[in-house]
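# Fold and geometry: a report
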2 protein chains.
Amino acid sequence: MPDHKYVYFFGKDKTEGNATMRNLLGGKGSHLAEMANLGIPVPPGFTITTEVCTEYFENQQQYPEKLDEQIAQQLAKLEDETGLKFGDNSNPLLLSVRSGARVSMPGMMDTVLNLGLNDKTVAGLAEEVDERFAYDCYRRFINMFSDVVLDIEHKEFENILDAKKKELGVENDTELDGGALKDVSAKYMAMVEEKTGQDFPQDPMTQLWMSINAVFDSWNTPRAIKYRKINGIPGDWGTAVNVQFMVYGNMGENSGTGVAFTRNPSTGERKFYGEYLMNAQGEDVVAGIRTPHPIETLNKEMPEMYAQLDDIKERLEHHFKEMEDIEFTIQQGKLYMLQTRTGKRTAAAAVRIAIDMFNEGLITRNEALLKVDPEQLDQLLHPMIDPNEKVDAIAKGLPASPGAGVGKVVFTAEHAEEMTEAGEKVVLVRNETSPEDIGGMHVAQGILTARGGMTSHAAVVARGMGKCCVAGCGAILIDEDAGLFTVNGHTVKEGDFITLNGTTGEVIIGQAKLITPDISGDLNTILDWADDVRTLGVRTNADTPEDARAARDFGAEGIGLCRTEHMFFGEERIPIVQDMILAETEEDRKAALVKLLPMQRSDFKGIFEAMKGYPVTIRLLDPPLHEFLPKHDELMEQYAKLKAAGDTNKIHEIKDLIKRVNSLHEFNPMLGHRGCRLGITYPEIYEMQVRAIFEAACELVKDGYEIVPEVMIPLVGHINEFKVTRDSADAVAKQVMEEQGVELDYMIGTMIELPRAAITADEIAAEAEFFSFGTNDLTQTTFGLSRDDAGKFLPYYVEIGILENDPFVAIDQDGVGQLIKMGVDKGRSSRPDLKIGICGEHGGEPSSIIFCHNIGLDYVSCSPFRIPVARLAAAHAVLKKGE
Amino acid sequence: MPDHKYVYFFGKDKTEGNATMRNLLGGKGSHLAEMANLGIPVPPGFTITTEVCTEYFENQQQYPEKLDEQIAQQLAKLEDETGLKFGDNSNPLLLSVRSGARVSMPGMMDTVLNLGLNDKTVAGLAEEVDERFAYDCYRRFINMFSDVVLDIEHKEFENILDAKKKELGVENDTELDGGALKDVSAKYMAMVEEKTGQDFPQDPMTQLWMSINAVFDSWNTPRAIKYRKINGIPGDWGTAVNVQFMVYGNMGENSGTGVAFTRNPSTGERKFYGEYLMNAQGEDVVAGIRTPHPIETLNKEMPEMYAQLDDIKERLEHHFKEMEDIEFTIQQGKLYMLQTRTGKRTAAAAVRIAIDMFNEGLITRNEALLKVDPEQLDQLLHPMIDPNEKVDAIAKGLPASPGAGVGKVVFTAEHAEEMTEAGEKVVLVRNETSPEDIGGMHVAQGILTARGGMTSHAAVVARGMGKCCVAGCGAILIDEDAGLFTVNGHTVKEGDFITLNGTTGEVIIGQAKLITPDISGDLNTILDWADDVRTLGVRTNADTPEDARAARDFGAEGIGLCRTEHMFFGEERIPIVQDMILAETEEDRKAALVKLLPMQRSDFKGIFEAMKGYPVTIRLLDPPLHEFLPKHDELMEQYAKLKAAGDTNKIHEIKDLIKRVNSLHEFNPMLGHRGCRLGITYPEIYEMQVRAIFEAACELVKDGYEIVPEVMIPLVGHINEFKVTRDSADAVAKQVMEEQGVELDYMIGTMIELPRAAITADEIAAEAEFFSFGTNDLTQTTFGLSRDDAGKFLPYYVEIGILENDPFVAIDQDGVGQLIKMGVDKGRSSRPDLKIGICGEHGGEPSSIIFCHNIGLDYVSCSPFRIPVARLAAAHAVLKKGE
């Protein structure tokens, strides 16, 4: 039996690995091998596998027995291919050592270059090339090696270098000649030996082993462990180590180095895109001391090199069927590829590249669909801060609703409306928003709140409006009386401009430049393809005819959640709603409801009209009644004012109101008197709503519309709650249909948003005709976590890796997801054709959508602006099934 | 094939039913048959089965085909046995018709007596007995029949009778002679015929059928349906109808009637207990116009009858092995038994009867145990209102903590303490209590709150203290400033006496007489027997050494829940706790914690000492921090006062405090920053607590104690939360043990109180060494129901039958129970020897305890005063297993 293989060679013709071996050889190693296989010139070398890393940590940092033997063999091969000797005093083989895990991972040891140099070999190199080059390499090697292997701080080296430049009166490193660099190298060496109390390793083999150790050890530094925890990367994946022949772009005017993308990563245009510098090393391109040239210029400067590079670019794209991000070095007229990997791109570019590659015959439609990240599409639907703009954030909150907004700071909704009428653009800044702020939120360019989470009122409403929002930005301290807020030492006054980035959560002083990407044609193509593939329906959450129309334009196939309470907040309605709540008798309450009826009816007519031919699920009143009343503190203030003014009449009135508000106070409103609990204790409210729905539907049916209303009863926890409210709704529906002489098909179903509902879904489905998972509330109750209060610990949980994701963003599949699955399975066990959807915020989040598809839901419902995301994610769900 | 049998005879020797046929013949019918089988004289008759009732409603109120035939046959048998003819004009057979379901059920038609009388037969009866007797029977029959069959209001008859008495100038019915009663009968008849517009049925057979119809129809009246819904009685059980030969206790001085218990139902003493009246009907015994004699007197008055009755009593007890509640009638020197059923009894009587019957060899120990209702035991442990006392409640709240209390009304905890020091007994009346009220609650005789549910602060603390509490009594309106509360038109001032009945929830004006039952010897015997049988452990929830000792006295086998937060509320501690919370830096917080450490350590020492040799589960800090700070409104008041006084120094302080209180405000504190979420964000708090636990344990171990601390981490929803807090606790434990040079066995486990914890119990059990189900919070989250806010609809839910029980009282087995079962099964799947208990309020409720036993829990934990209940219920669980 041959020995287990721990080291894989790559080079001109003895390459042992390939791109499929990513898990064993890491991303960098497997791609270097793949390029070598394709005949693309890479500096030869070998990869020590990730298995070695795993064994190393399993065996108290001992390497596998045969490792040194295998490394020695591969090193000999490398000497063979390069014709150089490692440690040779006249023309030494020099190496780079780099880590390379399956996925790129910050916090790992990166690179040691020029390994193999010592006091003797450097002299040989000086002889072979020139003194300056040799000692420049040497001082860089001592610095890098000492930094990453011996743990000497980089600034110690800076100090020596700065002293030398001062001594010689020069400004740039490039102005130091060979002698100066030789002196610097000697001083580096002395300093390191003093710090470590040991000789600097002169033996190249020792240097190599120490570097390999350092790479492996860096896999388990606290920083790397924390990163893995946060990103869910298993510790036993390990990292590979790549040992590679050094090539130099700084060996004179026929040398150079560059980075490029095979297409434009910003627009997706099919055009080679990158930059390079002649007589330079990689770090010089990045450092920005010299300005790099665009890649096209190379065609003039070194046409042969350009032609080779262009050819390689084409081969890489054809081979990987991807837009690639490459690094290359030209050493004295010879081209080497140092790296190739999938290129990062903007959403616009992703869409265009996918379509172009399909049109070029490079990939199939399905492959094209998978090339676009659904989440990324969101960028295309909102204004964004120009990526070329450099902005400084003064604070960071939660990225509650994507896009960007610029405007003058205002602190009240009224003021927002006034200033907007006066032609100003405003950003509304509040501790938290409440339904009375809707008007101001509607006109604002963006909303910034100090409190509340990803599903706070501000966040939910803003997302519904497609407006940017930064929520729960605890660092801002609002002083409304003084008309300012302070944040991290800055003071921002009412009327000052700020910019919000709702995609990142950043708050920026001043007016950043915004852009609105426009690729509607390409986007539509991708979405049409997605529609052909997906089986999951996509509906929208919409409460107004405007939202409904916007959602239709984005491709919504119905309304999955129409929240009737939002209709109660109109300016002319809220006093009637309050009359209804404050009514002392059922009669008074009914009188107020009679006034609301025509308004609700016209709401529903508008929505049915907008969604003509598509199903509309209407949820009966859900929130606790106190949400419609003024806040206790506001009333107390009014009371104080009235008392000061001696207005005894009104005092009496407000005292009554305060009493009622107090009596409706709830300790935990989320778990209080809401949903069907209201419908059961005040049946006349639901009766009015059902009447409005059916009167609207009947009137439109007479006008030739086809309408199948879906009435949804919220917060059912026990089958009997459903039965009681369903029976009452059925009775009203029947009565209206008789009155109107119209026969309607309709469905009555329920939200599944409490654990108990999921657990008893079989009982509930025996009566309910559809389910819609309210995953916001289901997540709150399953975790016992108030989304509005979680800001104090949930971000920290995600940061330290207790939770992989915010469960209000992506469905917690192991917990909440299990309840959903139980709800689906039990529900279908008693009603096989049960229609099931989801209408929580998760309905617009790709990983959640895929989960919904996999457990057999019929549709997802999300805010209008998330519909394109949902359509594509639903297609991905089909294409990835079984993965 | 013989026809299906619908009617069963009972009588001297042709009896067809027996006691095992309760479902078919109802309770009354099956017991009449059983007595007949035993040779005990019962008036003969027959029972129409419950099946007839069910078929009647299934077939649009049509009777089974052969029913009239079978009734005719049985009637013939009855005529045979009695030698009388139904409808005979000279000496008619008269009948009673009564309903009789499986369980007794109010709202059903009860009785029609003297059926078979009409204008002709009454004349025959007058001939046979005497005129007064005959027309007294006749007018009673017309009244009863018209009331229950023809739906004529009873007061119509009252009016006629009153008019007659007025006319004759007499006061009592008994003063009316035969002629007067004949006239009354005629007037009754005329009135009924006028009201119904129909002739009164003169045909006895018609009367019989109409009465049978009326009994069956009464099964489905709204009142009966509602009662069944509330009590979980299926509608298809149906009722039986008993048709029986009429016997009369008012046929002269050798006739009489009485009711009796075979033993004293109040004390359990083995002594015939009852009363009777000569020459009277059953209703006269109840009506109270004549004073009945004690049953013993019968021995003098009619020794032969008494001897027969005493013999029957003995036979019934031996036969049913029960204390029986009997009715009898003596008709002209002949004894008839009208009914026998299990006698209701006080808790004290139940215990004594069970033990006596065992000692008499009548029943086994296990049968004796099953004769005592665990829930009833609770009566024995608290003072109660003398059952002989007649009290009028002015309001009813939730029966939050059993027992009774009498005292003067006070509205603040401070005042309660002052008045108690001054030697007064007080009842503390508050809108809601908070931890600062503990002192006042401790000295009060009882606690009354206007808000909050069965597990509100007041309720939980009161139960822990074994003190009576009426909670959530919404009808009372407290005006603290005026020093009074109003309720349903009454005004109660500070200093007025009130009485609370925590067992029923009643609030009573004045001082009711209280009694404390004392049967500790018998109770201990029963509990010792229960301990022999039960396999479920019984622990207590206790937070102080006093509670722990009290619980030990009641038989607790350890502490299942020691809530450390209660220790933070001591007078000298709360300022330090507040310092800790208000600390701006970790240093300041640690400084405050250092001060708390010795206090916590001495708490734990006291508890470990009290529970020497028994396990103690200590829960780390659970509630949100704002619970330890003053309330916002209180601070605002202080602020206003300071501002008025111009005290700028203190204003600054209080403004800071207000700011901090505001920043800690939570929308839904139940779902907020509490439990292990606190322990993770402020690890130093848990570290201090764990240090205190282990220092206390180590010190006591040095003194020779054996201690195995169980550290319980609250509110775990995700395994990673447990891991982080467990690792930190482990580290502190190890450190303390090293410092102290002591090796301790200890366990670290968790509460399972969130749905997600139950769903992922397999993952959690892989790390946690024990589970304790926190069913209060688990019920809240599973139902999405805040126990403190549920008062607005939960009582209504139970009233109209949406929920069978308050899920905070008895475990909701179909919902919450399924999650618990899942938690147990998944938990044991990854750790087979996982120790599992329950520490929610349900741990002291019998049906929940039986559930816990059946799903395999190791122990229940409840407040000290529920421990006897739990011990007995746990024994019942074993004895009833498989039922």
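Residues numbered from 1 in each chain as written. Chains lettered and ligands numbered in written order. Predicted model: local features only at pLDDT ≥ 70, side-chain atom pairs only at ≥ 80, totals over all residues. Heavy atoms only, no water.

Moving on, we come to the sheet that holds strand 32 (residues 835-838) of chain B. All names here are of chain B. Taken in spatial order, the eight strands close into a barrel running 26-27-28-29-30-31-32-33, and their pairing is parallel. Taking each pair of neighbouring strands and ignoring which way they run, the sheet shows an average axis angle of 25 degrees. Of the pairings in the sheet, the one linking strand 32 to strand 33 (residues 859-862) comprises two bridges and is parallel in character. The partner of I838 across the bridge, within strand 33, is V860. (Pairing = 2+ DSSP bridges. Helix = DSSP H or I, 4+ residues; strand = E, 2+ residues; numbered from the N terminus. Axes fitted to C-alpha atoms, helices over the stretch in contact; angles between N-to-C directions.)

A separate point is the side chain of R102(B). All names here are of chain B. Mapped onto the secondary structure, R102 falls in the loop between strand 5 (95-101) and strand 6 (111-115). Put simply, R102 is tucked away with no salt bridge, and the nearest opposite charge, on D236, sits 6.0 Å away. Side chain to side chain, R102 and N23 meet in a polar contact 3.5 Å long. When sequence neighbours within four positions are dropped, the list of residues in contact with R102 reads R22, N23, G26, G27 and W237. (Buried < 20%, exposed > 50% of the residue type's maximum accessible area, 1.4 Å probe, protein only. Lys, Arg positive; Asp, Glu negative; His and termini not counted. Salt bridge = Lys/Arg side-chain N within 4 Å of Asp/Glu carboxyl O. Polar contact = N/O pair within 3.5 Å; in protein donor to acceptor, adjacent residues only side chain to side chain. Contact = heavy atoms within 4.5 Å.)

This part takes up the sheet that holds strand 20 (residues 477-479) of chain B. Residues and elements named next belong to chain B. In space, the three strands of this open sheet follow the order 20-21-22, with antiparallel pairing throughout. Each edge of the open sheet carries a strand with a single partner, namely strand 20 and strand 22 (490-493). Across this sheet, the average inter-strand angle for adjacent strands is 20 degrees, counted without regard to direction. When strand 21 (residues 484-487) meets strand 22, the two strands line up antiparallel, connected through four bridges. When the bridges of strand 22 are listed, V487 appears paired with H490.

Residues T121(B), V122(B), G124(B), L125(B) and A126(B) constitute the buried set of helix 4 (residues 121-128) of chain B. Contacts from the buried residues of helix 4 of chain B go to strand 4 (92-93) and helix 5 (131-148) of chain B.

Right, let's talk about the packing of aromatic side chains for a bit. Residue and element names in this part refer to chain A. A full pass over the atoms with the stated rule returns 40 aromatic pairs over all chains. Between F157 and Y188, the ring centres sit 4.8 Å apart and the planes meet at 80 degrees, which makes this aromatic pair edge-to-face. Here the residue F157 occupies a position in helix 6 (residues 154-168), and Y188 occupies one in helix 7 (residues 178-196), the gap between them amounting to 31 residues. Each member of the pair, F157 together with Y188, is buried. (Phe/Tyr/Trp six-rings, centres within 6.5 Å; stacked < 30°, edge-to-face > 60°.)

Residues and elements named next belong to chain B. Here M21 lies in the loop between strand 1 (7-10) and helix 1 (22-37). Residues M21 and R139 lie 118 residues apart in sequence; the distance between their C-alpha atoms is 36 Å. Beyond its immediate stretch of four places on either side in the chain, M21 contacts Y8, E16, G26 and S30.

This part takes up the interface of chain A and chain B. Contact residues are listed per partner, giving 49 residues for chain A and 49 residues for chain B. With both chains or domains summed, chain A and chain B bury close to 4500 Å², and 61% of this area falls on carbon and sulfur atoms. Taken as a group, F667(A), L671(A) and R756(A) account for 16% of the area that chain A buries against chain B, more than any other trio of residues on that side. At the junction of chain A with chain B, the criterion picks out two salt bridges. A salt bridge links R756(A) to D812(B), with the shortest nitrogen-to-oxygen separation between them at 2.7 Å. Applying the counting criterion to the chain A and chain B interface returns 26 residue pairs in polar contact (both at pLDDT 80 or more). For the side of chain A that touches chain B, the secondary structure elements donating two or more residues are helix 23 (632-645), helix 24 (648-664), helix 25 (676-681), helix 27 (719-740), helix 28 (755-759), helix 30 (775-783), helix 31 (794-799) and helix 32 (816-830) of chain A. (Buried area = accessible area lost by both parts, 1.4 Å probe.)

Residues and elements named next belong to chain B. Two elements in contact, helix 22 (residues 586-610) and helix 26 (residues 683-702), have axes whose closest approach is 7 Å; the angle formed by their N-to-C orientations is 35 degrees. Here the hand of the crossing between helix 22 and helix 26 comes out right-handed. Each of E586, R589, K590, L593, L596, L597, Q600, R601, F604, K605, F608 and E609 in helix 22 lies in contact with helix 26, whose residues at this interface are E684, I685, M688, Q689, R691, A692, I693, E695, A696, A697, E699 and L700. Taken together, the residues that form the contact of helix 22 with helix 26 break down as 12 nonpolar, two polar and 10 charged. (Left-handed = near helix turned anticlockwise from the far one by under 90°. Nonpolar A, V, L, I, M, F, W, Y, C, P; charged D, E, K, R; others polar.)

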